[in-house]
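Here is how the chains run, residue by residue.
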Amino acid sequence: MYSVNVNGTVPFNNKATHCVGTGRMDLALHKEYLDQLKLVQDEIGFSFIRGHGLFSKDMAIFRTYRDGDVVKDEYNFTYLDMVMDSYLSMNIRPILELGFMPKDLASGEQTVFYWKGNVTPPADYDRWANLVKATLNHLMDRYGRDDVINWPIEVWNEPNLPVFWKDADMEEYFKLYEVTVKAVKETDSEFKVGGPAICGVDDIRWLKGFLDMVSDRKLPLDFVSRHHYTSYNPNPSGHYGYIELHEPQDAFRWLERSRDIVDSYPEFKDKEIFITEFNTSYIPNATIHDTTLNAAYVAHMLSRLGDKHESYSYWTFGDIFEEWGVPFTPFHGGFGLVADGCIPKPTFWTFAFYSRLTGRGIMKNDDGVLTRRDDGSIAGVLQNPDFHGEKKSKTVEIELDGLADGEYFLLSEIVNDRFGNPLKTWHEMGEPASLNDGQKTLLRKIATPGSETSNITVTGGRATLKFGLEPNEVRYVNLLPVKRTNDRGYDYERTISQVAVPEKEE
């Protein structure tokens, strides 16, 4: 049993809704993409969105033309405006990842992904700097300086991997960062710029090398960014990948190592760290992403990620995503919180539940988090991730002290293998690759959490709450004081106890 004083405080920094990931930026021109984003924003409400491909060919921002014997650069912001207009209409703003390299500015032909993002350095760094300045100036002109300078800017994506940055050339990335950060700050010194956006490969050497370089060259650095995935190399099978998860304590220890490295530099101590991508698996066809295990594992992560990080961005909000091509089925192990067809997956509700954890923390442990809101109500998220496949239920018992005496309403919303689990129903339907309208409607209905309600009476300021959690369950709990206002003549007990009787004699 946990003993919780509702008037106390425990450290809990909830940044679960600060940022969410997306695929390449031009996917925001698709209707289904926007429908999925609207669903996410209506229920969760992220502040920022981050993805690839700002300068890739399908956004069409940069191109060259010939004027006589001279080749000149020009910029086209038509699609950029469409994307940004859509984002702002849903009250979400971008973290601007600067990349990949426009073909007409690239020094080579190496590309990544189905959509062929160029990952080579610029052939001319001055022209790259001009592109960055022109894009930022356009955004400020269109959307207002006071808004746009608060959009964080990240220099490239995972340059420590040769698939994302030619040869994983560290010195060449340092040059890119130096030129870029100077271009950004020349445009407006109040922009926040960060890097190196590394993943967990050779990350210690890269992070130390990057911080040494920034320190030695006295370059601006407003935040440090990295990525975080919690699984080993996948086992592929057909269109899918199957993974083994890291033990949670190991995953957090690796993150704490980055925090310690940053803090070891006096000039960077307490510098904000942004995790600009995180999930269980780093592949876009990992079947775990669609499961209740994913939801429970991520809930456990969210309880602690804010301890040492200013931002952590789940990769991604939706399954309109084409790194390896167009998926074959609605449940294909995509990164998204939402499956194609606007069907929420279990992890969608993990974030929806965390979005309701306002107020101050009063409990945080391996079983979950409780907060007390300004109105005195208690909210919490509890989880039972089945890390080792043991299929064990658990009971979480919480004794609350310091409550006002009286009657309370207790609500639970439940996601587990039985509730909020459309993957199970899709399997039982025969795993249709193409959903008709009726199937989509059914799966959306199945995708909603189960609910339980009850009343409890608090006497002496104390109440004991007991919750039985099934394996891989995520449960939102809300305790609110009841102010009964009975209408004249209404009696609930009489209402529910009415019965049929034999015919009466007149």
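This text goes with the structure placed above it.
Residues numbered from 1 in each chain as written. Predicted model: local features only at pLDDT ≥ 70, side-chain atom pairs only at ≥ 80, totals over all residues. Heavy atoms only, no water.

Asks: What is the right way to look at the packing of aromatic side chains in this model?
Replies: By convention here, two paired aromatic rings are described through the distance between centres and the angle between planes. This model, assessed by the stated rule, comprises 35 aromatic pairs. On the basis of an interplanar angle of 85 degrees and a centroid distance of 5.6 Å, the ring pair of Phe 55 and Trp 128 is categorised as edge-to-face. Placement of the pair is Phe 55 in the loop between strand E3 (48-50) and strand E4 (62-67) and Trp 128 in helix H3 (residues 125-143), with a sequence separation of 73 residues. Side by side, Phe 55 and Trp 128 carry an identical accessibility label, which is buried. Aromatic side chains Phe 174 and Phe 210 sit 6.5 Å apart centroid to centroid with 50 degrees between the ring planes, which places their arrangement in the tilted category. (Phe/Tyr/Trp six-rings, centres within 6.5 Å; stacked < 30°, edge-to-face > 60°. Helix = DSSP H or I, 4+ residues; strand = E, 2+ residues; numbered from the N terminus. Buried < 20%, exposed > 50% of the residue type's maximum accessible area, 1.4 Å probe, protein only.)

Asks: Help me out: how do you make sense of the layout of surface pockets in this one?
Replies: In this approach the atoms are scanned with a rolling probe the size of a water molecule, which exposes any empty space left behind. In this structure, the largest pocket spans a volume of roughly 660 Å³. Forming the boundary of the largest pocket are 31 residues, of which Glu 158, Leu 161, Cys 199, Tyr 229 and Tyr 282 lie nearest the centre. At the level of secondary structure, the elements contributing two or more residues to the lining of the largest pocket comprise strand E11 (223-229) and helix H7 (248-263). With four residues, E11 is the largest single contributor of residues to the lining of the largest pocket. Along the lines of polarity and charge, the residues of the lining of the largest pocket split into 17 nonpolar, eight polar and six charged. (1 Å grid on protein atoms, 1.4 Å probe; cavity = no way out; pocket = protein on both sides within 12 Å on 5 of 7 lines; lining within 4 Å. Points joined across faces, edges and corners; volume = space filled by probe spheres on them. Nonpolar A, V, L, I, M, F, W, Y, C, P; charged D, E, K, R; others polar.)

Asks: In this structure, what is going on with the sheet that holds strand E22 (residues 406-415)? I would like to understand it.
Replies: Neighbouring strands of a sheet are bound in pairs by backbone hydrogen bonds; such pairs are parallel or else antiparallel. Pairing in this open sheet of six strands is antiparallel, and the strands run E18-E19-E20-E25-E22-E23 from one edge to the other. At either end of the open sheet lies a strand with only one pairing partner, and these are strand E18 (360-365) and strand E23 (450-458). Going across the sheet, the axis of each strand differs from the next one's by a mean of 15 degrees, ignoring polarity. (Pairing = 2+ DSSP bridges. Axes fitted to C-alpha atoms, helices over the stretch in contact; angles between N-to-C directions.)

Asks: Before we go on, may I ask you to explain the side chain of Lys 185 in this structure?
Replies: Counting through the fold element by element, Lys 185 comes out in helix H5 (residues 170-187). Within the local environment of Lys 185, its side chain forms a polar contact with the backbone oxygen of Phe 191, the two atoms lying 2.6 Å apart. The residues touching Lys 185, leaving out its near neighbours within four places in the chain, are Phe 191, Val 193, Pro 220 and Asp 222. (Polar contact = N/O pair within 3.5 Å; in protein donor to acceptor, adjacent residues only side chain to side chain. Contact = heavy atoms within 4.5 Å.)

Asks: Explain unusual backbone geometry here, please?
Replies: Negative phi values dominate among residues other than glycine, just as trans dominates among peptide bonds. A cis amide bond links Gly 195 with the next residue in sequence, Pro 196, at an omega value of 5 degrees. Tracing the backbone through its elements, the reader meets Pro 196 in strand E10 (residues 193-198). Even without being glycine, Glu 158 reaches a positive phi, approximately 45 degrees. For Glu 158, the position within the fold is in the loop between strand E9 (153-155) and H5. Among the residues examined, Glu 158 registers a relative accessible area of 7% and is labelled buried. Although it is not a glycine, Asp 270 sits at a positive phi angle of roughly 70 degrees.

Asks: Would you explain the state of the cysteines in this entry?
Replies: When the sulfur atoms of two cysteines share a covalent bond, that bond is a disulfide. What the rule picks out here adds up to zero disulfides. Cysteine Cys 199 is unpaired, with the sulfur of Cys 19 as its nearest cysteine sulfur at 18 Å. (Disulfide = S-S within 2.5 Å.)

Asks: Quick question: what am I supposed to make of the packing of helix H2 (residues 78-89) against H3 here?
Replies: The relative placement of two packed helices comes down to the angle between their axes together with the axis-to-axis distance. For the pair H2 and H3, interaxial distance at closest approach is 12 Å and the crossing angle is 50 degrees. As the angle between them shows, H2 and H3 are arranged oblique. Regarding H2 and H3, the two cross each other, and that crossing is right-handed. Across the interface between the two elements, Leu 80, Asp 81, Met 84, Asp 85 and Leu 88 from H2 touch Thr 135, His 138, Leu 139, Arg 142 and Tyr 143 from H3. A class-by-class count of the residues in the contact of H2 with H3 yields five nonpolar, two polar and three charged. (Parallel < 35°, antiparallel > 145°, perpendicular 65-115°, else oblique. Left-handed = near helix turned anticlockwise from the far one by under 90°.)

Asks: Looking at this structure, I do not really get the pattern of salt bridges. What am I missing?
Replies: A side chain with one charge may pair with a side chain of the opposite charge, provided their charged atoms come close. Tallied over the entire structure, the rule returns 44 salt bridges. Here Arg 145 makes a salt bridge to Glu 190, at a shortest N to O gap of 3.1 Å. Within this pair, whereas Arg 145 is found in helix H4 (residues 145-148), its partner Glu 190 is found in the loop between H5 and E10, the two being separated by 45 residues in sequence. In this structure Arg 145 comes out as partly exposed when scored by relative accessible area, which is 33%. Note that Asp 250 and Arg 253 form a salt bridge whose closest N and O atoms lie 2.4 Å from each other. You can see Asp 250 and its partner Arg 253 sitting in helix H7, three residues apart, about one turn around the helix. Among the charged side chains, a salt-bridge network with shared partners connects Arg 24, Asp 26, Lys 57, Asp 58 and Glu 322. (Salt bridge = Lys/Arg side-chain N within 4 Å of Asp/Glu carboxyl O.)

Asks: Explanation requested: helix H1 (residues 31-43) in the structure shown.
Replies: Because the α-helix completes a turn every 3.6 residues, residues three or four places apart line up on one side. Between the first and last C-alpha of H1 there are 19 Å, a value that for 13 residues agrees with the 18 Å anticipated at 1.5 Å per step. Every buried residue belonging to H1 is among Tyr 33, Leu 34, Gln 36, Leu 37, Val 40 and Gln 41, and all of these are buried. End-on, the buried residues of H1 take up no more than an arc of 160 degrees, which puts them together on one face. Exposed positions of H1 whose direction lies more than 90 degrees from the buried face are Lys 31 and Asp 42. Taken from the residues just after H1, Gly 45 is the one with a positive phi, measuring 80 degrees. (Expected span 1.5 Å × (residues − 1). Arc of directions from axis to C-beta.)

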